[in-house]
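Summary of structural features
The lines below spell out each chain.
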Amino acid sequence: MPVTVGLISLGCAKNLIDSEIMIGHLQKAQMMMTPEPDLADVLIINTCSFIDKAKQESIDTILGAAQARERGEYPKKQKLIVAGCLAQRFNKELPELLPEVDAFLGLDQVTKLPEIITRIMGGELEDKNLVEGVSTYIPEFDTPRYRLTPKHSAYIKIAEGCNHTCSFCVIPQIRGRHRSRSQESVVREAKMLIESGVKEINLIAQDSTYFGMDRWEGERPNPRSEVDSSKGESLASLVRELNAIEGDFWIRILYAHPAHWSDELTQTIAECDKVVRYVDIPLQHISDNMLSAMQRKTDGKHVREVLRKMRETIPGMAIRTTFITGFPGETEDDHQELLDFIEESRFERAGIFTYSREEGTRAYKMDNQVHHKTKARRSNEATLLLAGIAEEIGREQIGKTLKVLVESPGVARTEWDAPDIDGSVSVNPELPVGEFAYVTITDAIAYDLVAE
């Protein structure tokens, strides 16, 4: 009998692609997949480790699976494999802390999973820690992959890793230095997805605006280098080529970095009709004091200028962003400047993260940590402000006719709504799933709309 494998995928869309690649290789090896953990010979948990809440969710899921096995709810002989960012980040500590786990896989072992499972099932594994140092892997257009997203929407990982040294972030330590796929590889994958019926291509990376720069010949880009197609492949040249593919589909840019944003990229989005009027660009703060402490390679003036040009050049542009409150050294003046900036910018989509003190980061060792009650208050103030703005912007959509992508019976998304993270539109349940439709907005509750 073939081995039956279950998989629980936690974390972001980038992690989801890793899960899809794992399943693709398992299917290629003719291993059976099951959505029911209690039917699996092997259970894989693909973990996240970005902030405390993500780590806790990962640990709780691992322990929950181990306890279910101990209680007999899962097969007694079931093998438990932990993969993903948590295993990559804490590969030396976890084997001792979690003896219930049979193996720990790093990010570069996603393609080797069938071989590893065979060794585990055969009792041939001598060391539980299978992480192979710093991550260098990057998928290609022909990498075996089984999509876990709806048929009409897909993610394309255009690059992996990050070269920035933000003082709050552990991602470069986990996922390694930035490495871009070739533009040809991304375009070939997009064409295959569109031919299969995909209506929305979501471009993702740790830093999508750095795409192609690491492949420039004769020039070494720096943390402030702008998107520039005259120097080689770039996000702008990629978007133009994707826009030229025949078909009716959306292109969505996620995880942009303001330090690399350029006038060329703004103009490219304005000129490409298949690129949605939406960009995800985490800003983290606006105070120069905070941006410097966070090592964001930008200042408030640059951020405001980028946003101003976006608004002027691309009518109807929705800007999605995130901010961190309670970062070490944040004063009441810094916090008030952030609130004023949110008020004046009126972001169509935005979220607040309360600073999470992560071991291994520069910010972890900073002396001027903000008290947890102060962090919570500031987070609540910013969140309430954003909620009020969202309510106002939502009401402004009433009476408009919008193009939506039908996600499921009675539920759709506008071009302002990325899958899983933004709002939705309640629509006629008779509208065909996976197709575009035009609807008229009749009501709104913050980010969620109602249409007829």
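Above this text is the structure in question.
What this report covers is the structure whose coordinates are included nearby. (Residues numbered from 1 in each chain as written. Predicted model: local features only at pLDDT ≥ 70, side-chain atom pairs only at ≥ 80, totals over all residues. Heavy atoms only, no water.)

1. As for the state of the cysteines
Counted by the stated rule, this structure contains zero disulfides. Free cysteine Cys162: the closest other cysteine sulfur is in Cys166, separated by 6.4 Å. (Disulfide = S-S within 2.5 Å.)

2. Quick look at the packing of helix H9 (residues 263-271) against helix H11 (residues 300-313)
Running from amino to carboxyl end, H9 crosses H11 at an angle of 25°, the nearest separation of the two axes being 10 Å. One way to sum up the angle between H9 and H11 is to call them roughly parallel. Here H9 and H11 pass one another in a crossing that is right-handed. Every residue of H11 that contacts H9 at Asp263, Thr266, Gln267 and Ala270 is listed here: Lys309, Met310 and Thr313. Considering only residue class, the contact of H9 with H11 consists of two nonpolar, three polar and two charged. (Axes fitted to C-alpha atoms, helices over the stretch in contact; angles between N-to-C directions. Helix = DSSP H or I, 4+ residues; strand = E, 2+ residues; numbered from the N terminus. Parallel < 35°, antiparallel > 145°, perpendicular 65-115°, else oblique. Left-handed = near helix turned anticlockwise from the far one by under 90°. Contact = heavy atoms within 4.5 Å. Nonpolar A, V, L, I, M, F, W, Y, C, P; charged D, E, K, R; others polar.)

3. Overview of helix H13 (residues 372-396)
In a regular helix each residue adds 1.5 Å, so 25 residues correspond to 36 Å; H13 covers 36 Å between its end C-alpha atoms and thus fits that length. Looking only at H13, the buried set comprises Lys375, Arg378, Ser379, Ala382, Leu385, Leu386, Ile389, Ala390, Ile393 and Gly394. Here the buried face of H13 lies against strand E12 (318-325), helix H12 (332-345), strand E13 (349-354), strand E17 (436-445) and strand E18 (448-451). (Expected span 1.5 Å × (residues − 1). Buried < 20%, exposed > 50% of the residue type's maximum accessible area, 1.4 Å probe, protein only.)

4. A short note on the sheet that holds strand E3 (residues 42-47)
Pairing is parallel in the open sheet, where five strands are placed in the order E2-E1-E3-E4-E5. Edge positions in the sheet fall to strand E2 (32-34) and strand E5 (103-104), since each has one partner strand and no second. As judged from the two bridges shared by strand E4 (residues 79-84) and E5, these two strands associate in the parallel manner. Considered in E5, the bridge of Ile81 is made with Ala103. The sheet strands contacting helix H5 (residues 113-121) are strand E1 (4-9), E3, E4 and E5, and the helix crosses E4 at an angle near 150°. (Pairing = 2+ DSSP bridges.)

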